Every structure is written in structure tokens, then in C-alpha cells.
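Tertiary structure, described
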Amino acid sequence: SSTSPPPSPTMHPPSWRTAIAATIKKSRPIKGSNYLTLSTCDSSGARARTVVMRGWHGVKTQKEAERTLLKFVTDGRSRKVGESELLSEICWWFPRTSEQFRIRGQL
């Protein structure tokens, strides 16, 4: 698996990460359950695209655990690379558990 190990027991990830990790575990058998919609918006308008969640960025300190990072892989020629300073939001639907997660942050 390409996911990073969870933080040590002394570190506390944000509550959304704990909830989404449990949902990911339940949904893992469903093909495509790691696909989500990434949206950005700039002066020329909004853009939405499907991306694949590849795991969690390494978490070594409590500060990093509080600022959890999702890991995506993309082609360096992709337009979203140039949009990396924009505020973005993901919308992730899990059909097995009928849960939707929306997370906003910077790419």
C-alpha cells in the first residue's frame, strides 16, 4: 500500500482524518473508492477534476498531525500544478457507507 503509517499514539490527528480513515478502510474493496473531486477557483472561473488519493503525507510531529496532508500524484504539465496556490476543496463520496467528506485547504 502507498499510504503512510498513522501518527504515533502520542499524536492526535484531526477528527476528520480519524473519521475518513475509518471510512476508507470500510470502502477499500470497492474499485474507485480512492477517486475524489478536486475543485479550484480563480478569476477565470471554477474547475473540477477527478483525482486519485494516494495516501497521507508523512506525519512526524504533533504540528504535522494537526495539519494533515493528503497525497495526490499528477502530471507536472497539468493545469492544476499552476493552481497550487489557490484555495481548493475536495468532495469525496463513499457509496458503501453513504458518507460524503468535503475538505477545504490549499493545494
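Treat the numbers as computed from the prediction; the structure is a model and nothing was measured. (Residues numbered from 1 in each chain as written. Predicted model: local features only at pLDDT ≥ 70, side-chain atom pairs only at ≥ 80, totals over all residues. Heavy atoms only, no water.)

Before going further, it helps to examine the nonpolar core. Membership of the largest hydrophobic core comes to 13 residues, with the highest contact counts inside it found for Ile20, Ile24, Met53, Ile90 and Trp92. Among the elements of the structure, helix 1 (15-27), strand 1 (35-42), strand 2 (45-56), strand 4 (87-94) and strand 5 (99-106) are those that each provide at least two residues to this core. Setting aside anything within four residues of it in sequence, one finds Met53 in contact with Ile24, Asn34, Leu36, Leu70, Lys71, Phe72 and Trp92. (Core = buried A, V, L, I, M, F, W, Y, C linked by side-chain atoms within 4.5 Å. Buried < 20%, exposed > 50% of the residue type's maximum accessible area, 1.4 Å probe, protein only. Helix = DSSP H or I, 4+ residues; strand = E, 2+ residues; numbered from the N terminus. Contact = heavy atoms within 4.5 Å.)

Moving on, we come to the packing of aromatic side chains. Under the counting rule described, the total for this entry stands at two aromatic pairs. Ring geometry for Phe94 against Phe101: centres 5.9 Å apart, planes inclined by 85°, an arrangement best described as edge-to-face. Taken as a pair, Phe94 and Phe101 share a single burial class, namely buried. Every member of this aromatic cluster is reached through a ring pair, and the members are Trp92, Phe94 and Phe101. (Phe/Tyr/Trp six-rings, centres within 6.5 Å; stacked < 30°, edge-to-face > 60°.)

Below, the discussion takes up the pairing of strand 4. Pairing analysis gives four bridges linking strand 1 to strand 4, with the strands arranged antiparallel. Residue pairing across strands places Ser39 opposite Glu89, the latter belonging to strand 4. Here strand 4 runs beside strand 5; their pairing, made up of eight bridges, is antiparallel. Bridge assignment links Leu87 to a residue of strand 5, and that residue is Gln106. In sequence, strand 4 turns back onto strand 5 through a hairpin of four residues, with Ser98 there showing a positive phi of about 55°. (Pairing = 2+ DSSP bridges.)

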